[in-house]
Amino acid sequence: MDIKELEKEYIIDTYGRQPEATLLIERGEGVYVWDDGGRRYLDFVSGLAVNNLGHCHPQVVEAVRRQAGCLMHTSNLYYTRQQTLLAERLVQLSCAKKVFFCNSGTETNEAAIKLARKYGKQVKGGDAYEIITAYRSFHGRTLASLTATGQPKYHKGFEPLVPGFRYAHFNDLQSFAEQVTEKTAAILVEPVQGEGGVYPAAPEFLQGLRRLCDEHNLLLIFDEVQCGMGRTGKLFAYEHYGVEPDIFTLAKALGGGLPIGVMAAGEKAADILAPGEHASTFGGNSVVCAAAHAVLDVLTGEGFLEHVARLGEYFTGRLQELSPVKTREIRSLGLMIGLEMTEGAADCARLCQEEGLLVNCIGGKILRFLPPLIITEEHVDAAICILQNVFDRLP
Ligand SMILES: *Cc1c(COP(=O)(O)O)cnc(C)c1O
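Anyway, here's the lowdown on the structure attached to this text.

**Let's talk about the site of the ligand**
For step 1, the next point in the chain: Every residue lining the ligand is accounted for by S104, G105, T106, N109, F138, H139, E190, E195, D223, V225, Q226 and K252.
For step 2, the next point in the chain: Separating a nitrogen atom of the ligand from a backbone N or O atom of F138 is a distance of 3.2 Å.
For step 3, the next point in the chain: For the ligand, an oxygen atom lies 2.6 Å from a polar atom in the side chain of K252.
For step 4, the next point in the chain: A total of 380 Å² of accessible area belongs to the ligand in isolation, and the protein chains cover 82% of it.
For step 5, the next point in the chain: Top contributing element to the shell around the ligand by residue count: helix 5 (residues 105-124), with 3 residues.

Structure follows, in C-alpha cells:
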C-alpha cells in the first residue's frame, strides 16, 4: 500500500502531513535529499537543526557502524567508554564541569528544571522553586518543558500546567527583573530563540541576566538545543556573548542524526543531583555517543566554525538583496537565519519546495533557514536564485 495512505491510517495526526504537499523522503547525502520520485532537493531545513553536518556524513556513518558492531547498549548501571569520554570532551570544550545524558531536547530541559528545583530547596532554602522563562520561547513538549515554553498556543488543551513558572519578555531585562521573587530558583532562556521565530539575544540582555542571577543566587540556564553545536559559528552560542550559564542544554545536532540530549552543568550546578534522583535508560548510549564524537571531530576541525560564520554572513547578505518590499526583517546569528515577510511566507516555502529547495515556515510569516553547516557559496547562490524566482511569482 502507498506509504502516505498507510501514514493516515496508522499514525496519530500530530504533524498535519498532507499527501499532496508533504514529501516522502527516501534518501539523503550531504546537503541534498531525494524524494520517492527520485527528485533532488537542497535541504535548508536539516531535520530542524539536527543534520548540521549534512546527511550521512561519512565520519558519522563510519563511527556508528563500528560502534554498532561492538556494543550498542548497556545499562547505566555500568561504566561505558564512549559516554565517559564524550562527557570529558564536552566539559573540556565548554564552561561545564559535569554533564547528564538523556535522549532529546525536551528531556534535557526537564532535567535542568528538576535540578533547578533541587537547587532552590537545597541552596536557597525555603520554597524557591520558580523558574522564569521567556515569551516566544520553546523548550519542549513534556508537561514541565511545555509549561516552560512561553507560547500559549502550545498550552491550550493541556491545563492544568505545572506550577512554578513565570514568563517575561525576551531581550527585556527589566521584565525579567520584575518577575524575580524570593521563590525564584532559575532563569531559563534560549540565547537565540528558534521555534519562536529566530530572535538572537542582545548581548546586554544576557549579560544583565547573568548579573541578575548572581545578585539573587539563581541558576542561569541556557537552552542551546537548537543554537548550539556550531549552528551560530561558535561551538556554543553563549560564546558570542561573554556570558557563561550555570547550566546549558544540548540535543538536536549533537548526535549527527541519532537521538541524544545533554544537560551540562557548571560549578554551581554540577553536584546538586544525587544518586537515584534522575536517570535515563538510553541516556549516553554507546552508539549515539560514538556518533557525537564524530560530530565533534568535524565541528572542532581546523577552520570549520570560521566557515560557518563566513557562510552565515554571506547568506544573510544575499538575502538582504532580495525584495525589500516582501521582507520585513532579517534576523540571524551564523547559519541560524529568519526572514520575516510582510506576507505569504507559507506560500513561499511551498513554492520553494516545488523548485527544489526545502525551507521551514514559522507561523505563516517567517522563513527559517537552518542549512547544513557544510554548505558552500554555490549552495547559497542556488537557494537565493530559487527564492528570487519564488518572490517574483508571489502576488
Ligand atoms: C527542538 C527544541 C527543543 C525540544 O527538543 P526535542 O528533541 O524535540 O525534545 C527544546 N528546545 C529548543 C530550543 C529546541 O529548538
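**As for helix 12 (residues 345-354)**
For step 1, the next point in the chain: Along helix 12, the positions that sit buried rather than exposed are A345, C348, A349, L351 and C352. Considered in projection along helix 12, the buried side chains sweep an arc of 165 degrees and stay on one side of the axis.
For step 2, the next point in the chain: The inward-facing, buried residues of helix 12 abut strand 14 (336-341), strand 15 (357-358), strand 16 (360-362), strand 17 (366-369) and helix 13 (377-393).
For step 3, the next point in the chain: Just beyond helix 12, the residue with positive phi is G356, at close to 95 degrees.

**Quick notes on the environment of E195**
For step 1, the next point in the chain: Residue position: E195 is located in the loop between strand 8 (192-193) and strand 9 (199-200).
For step 2, the next point in the chain: Spatially, the C-alpha atoms of E195 and R136 are 8.0 Å apart, while their sequence positions differ by 59 residues.
For step 3, the next point in the chain: Once residues lying within four places of it in the same chain are set aside, the contact partners of E195 are F138, Q226, K252, I362 and R368.
For step 4, the next point in the chain: At 3.2 Å, the side chain of E195 and the side chain of R368 are in polar contact.

**What to know about a negative patch on the surface**
For step 1, the next point in the chain: Together, D2, E5, E9, E26 and D36 give the surface a local cluster of negative charge.
For step 2, the next point in the chain: Structurally, the position occupied by D36 is in the loop between strand 2 (32-35) and strand 3 (40-43).
For step 3, the next point in the chain: Here D36 falls in the partly exposed class, since its relative accessible area comes to 47%.

**Here we look at the pattern of salt bridges**
When charged atoms on two side chains of opposite charge get close, those side chains can pair.
For step 1, the next point in the chain: All chains considered together, the criterion is met by 22 salt bridges.
For step 2, the next point in the chain: Of the charged contacts in the structure, one is a salt bridge between E62 and R66, with a shortest N-O distance of 3.7 Å. Residue E62 and its partner R66 are located together in helix 3 (residues 58-68), separated by 4 residues, close to a single helical turn.
For step 3, the next point in the chain: The class for R66 is exposed, based on a relative accessible area of 57%.
For step 4, the next point in the chain: Between D381 and R318 there is a salt bridge, with its nearest N and O atoms 3.0 Å apart.

Rules of the game
Residues numbered from 1 in each chain as written. Predicted model: local features only at pLDDT ≥ 70, side-chain atom pairs only at ≥ 80, totals over all residues. Heavy atoms only, no water. Near = heavy atom within 4 Å. Polar contact = N/O pair within 3.5 Å; in protein donor to acceptor, adjacent residues only side chain to side chain. Areas by Shrake-Rupley, 256 points an atom, 1.4 Å probe, with all protein chains shown as cover. Helix = DSSP H or I, 4+ residues; strand = E, 2+ residues; numbered from the N terminus. Buried < 20%, exposed > 50% of the residue type's maximum accessible area, 1.4 Å probe, protein only. Arc of directions from axis to C-beta. Contact = heavy atoms within 4.5 Å. Patch = residues over 30% accessible without salt bridge, like charges linked within 9 Å, V, L, I, M, F, W, Y side chains within 5 Å. Salt bridge = Lys/Arg side-chain N within 4 Å of Asp/Glu carboxyl O. Lys, Arg positive; Asp, Glu negative; His and termini not counted. Charge placed at Lys NZ, Arg CZ, Asp CG, Glu CD.

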